[in-house]
Amino acid sequence: MIYSVSINGVLTDPKQASVSIFDHGFLFGDSVYEVVRTIHGRIFAFEPHIDRLFSSAQQIGLEIPWSREDLRKDVVALLKHSQLEEEAYVRLILTRGVGELNIDPSSCRAPQIILIAKALPRLPASAYTDGIVLSLVNTKRNSKHATNPGIKSGNYLNNVLALMEARKNKALEAVMLNENGFITECTTSNVFLVKDSKILTPSLECGLLAGVTRKLVLSRARAEGLTVEEGFFKPEDLVAVDEAFITSTTRDVVPVSRIDDRSLGVVPGPVTKRVAALYQDEVKKHLDKDCPLPHLAEKTQ
Ligand SMILES: Cc1ncc(COP(=O)(O)O)c(C=O)c1O
């Protein structure tokens, strides 16, 4: 994999790129991050992702010493430098910075912003035609009263453990419950269920990341008159569903063919198909409003 990196706005050779072992992001997972992607030479939905980065930082009491515009400029410069022809994945990592070897963040004077770009990793095309497998795992999603899952923090160990469980169960993604037994989300995606043509997804109250894709899917589905419910769902509800799908920035809308031992009917089901098409239309509308990256502008005309 070829990576391009910038650290605090300075383009850096990925082989030389490093952060201090005294950065609290490294020591304690004291960091927040975002992932944005390009589509047809444009950065897709940059604003909501940057808003979420600022919100995550604010929730951990970390002041970002860069403006939204600084960050956009840095991402654009990184993408130009990367010379990626295909769609790009960009991770923005904001760490607490270097401090003393204890958890107290007060010794950390300067947050670091690290940007890493690479070609967008893609699921095989069969995932979209045949669906993916989910597994309901034992590892619980963090309580929203602990490291709130609404914060996109650099502390993903819980999700790493859940994913390991899912992989053991031969599933691509893990469905996690909260401590009260309600379905929350997957390790790096939001989950949706369909029952009697009604679209169901866990409420943000359950403790989960407010996905940018989730929000776009919900608002567009509502605008089209589809029935949508953000609610509280239990594992028993999985048994009764007609369809299921997951959403994320890097994977869009992906149909689910099986949840553990339970195969779902037609994949993708009619509602999933409709939602996926509506989402693509929504993406197109967003892209029409956004400027192409300057270095790709000629190629995308
Ligand atoms: C825990 C979690 N939930 C949901 C998502 C999907 O969010 P988005 O649609 O903003 O990519 C992600 C994305 O990485 C995630 O890490």
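Criteria and thresholds
- Residues numbered from 1 in each chain as written.
- Predicted model: local features only at pLDDT ≥ 70, side-chain atom pairs only at ≥ 80, totals over all residues.
- Helix = DSSP H or I, 4+ residues; strand = E, 2+ residues; numbered from the N terminus.
- Expected span 1.5 Å × (residues − 1).
- Contact = placed C-beta atoms within 7 Å.
- Pairing = 2+ DSSP bridges.
- Core = buried A, V, L, I, M, F, W, Y, C linked by C-beta atoms within 7 Å.
- Buried ≥ 20, exposed ≤ 12 C-beta atoms within 10 Å, placed from the backbone.
- Near = placed C-beta within 6 Å.
- Axes fitted to C-alpha atoms, helices over the stretch in contact; angles between N-to-C directions.
- Parallel < 35°, antiparallel > 145°, perpendicular 65-115°, else oblique.
- Nonpolar A, V, L, I, M, F, W, Y, C, P; charged D, E, K, R; others polar.
- Domains from an automatic or database assignment.

## Remarks on helix α5 (residues 157-168)
Move 1: Under the 1.5 Å per step criterion, the end-to-end length of α5 is 17 Å for twelve residues, consistent within 8% with the ideal 16 Å.
Move 2: Close packing links the buried residues of α5 with β7 (132-136) and β8 (173-177).
Move 3: Phi turns positive one or two residues past the end of α5, at lysine 170, with a value near 60 degrees.

## Some words on the sheet that holds strand β1 (residues 4-7)
Move 1: Strand order in the open sheet formed by six strands is β2-β1-β6-β5-β3-β4, and the pairing between neighbours is antiparallel. In this open sheet, the two edge strands, each paired with only one partner strand, are β2 (10-12) and β4 (42-43).

## Thoughts on the nonpolar core
Move 1: Among the nonpolar cores identified, the biggest contains 66 residues, and Val90, Leu115, Ala174 and Ala244 are the most heavily contacted of them.
Move 2: Residues in contact with valine 90, not counting those within four places in the same chain, are Val36, Val75, Leu78, Leu79, Leu115 and Ala117.

## Concerning the site of the ligand
Move 1: In the vicinity of the ligand there are 13 residues, among which Leu209, Gly211, Val212, Thr213 and Thr249 approach most closely.
Move 2: Taken together, the elements giving at least two residues each to the shell around the ligand come down to α6 (212-223) and β13 (243-248).
Move 3: A total of three residues in the shell around the ligand trace back to one element, the largest contributor, which is α6.

## Some remarks on the pairing of strand β6 (residues 112-119)
Move 1: Sheet topology note: the β1/β6 ladder contains four bridges and is antiparallel. Paired with serine 6 across the two strands is leucine 115, which belongs to β6.
Move 2: Relative to β6, strand β5 (residues 88-95) is paired through eight bridges, and the arrangement is antiparallel. Looking at the pairing, threonine 95 lines up with glutamine 112 of β6.

## Brief notes about the packing of α6 against helix α8 (residues 270-289)
Move 1: Remark: α6 packs on α8, axes separated minimally by 10 Å, with the N-to-C direction vectors making an angle of 105 degrees. What the angle tells us is that α6 and α8 run roughly perpendicular. Residue-level contacts link Leu216, Val217, Arg220 and Ala221 of α6 to Val275, Leu278, Tyr279 and Glu282 of α8.
Move 2: Per-class residue counts for the contact of α6 with α8 are six nonpolar, no polar and two charged.

## Side note on the domain arrangement of the protein chain
Move 1: Looking at the assigned domains, one finds that the protein chain contains domain 1 (4-119) and domain 2 (125-286).
Move 2: On the side of domain 2, eleven residues touch domain 1, which itself brings 19 residues to the contact.
Move 3: Residue assignment for the side of domain 1 that touches domain 2 shows that the elements contributing at least two residues are β3 (31-39), α2 (46-59) and β5.
Move 4: Looking at the side of domain 1 that touches domain 2, its residues break down into ten nonpolar, six polar and three charged.

## So, α8
Move 1: Under the 1.5 Å per step criterion, the end-to-end length of α8 is 29 Å for 20 residues, consistent within 8% with the ideal 28 Å.
Move 2: Taken together, the buried residues of α8 touch β10 (190-195), β11 (198-202), α6, β13 and β14 (252-259).

## Focus on the pairing of β13
Move 1: Judged by how many residues are buried, β13 sits mostly within the fold: six of six residues are covered.
Move 2: Burial along β13 is two-sided: the face carrying Glu243, Phe245 and Thr247 and the face carrying Ala244, Ile246 and Ser248 are both buried.
Move 3: Bridging between β10 and β13 involves five bridges; their strand directions are antiparallel. Within β13, the position partnered with valine 194 by the bridge is glutamate 243.
Move 4: The sheet contact formed by β13 and β14 spans four bridges and is antiparallel.

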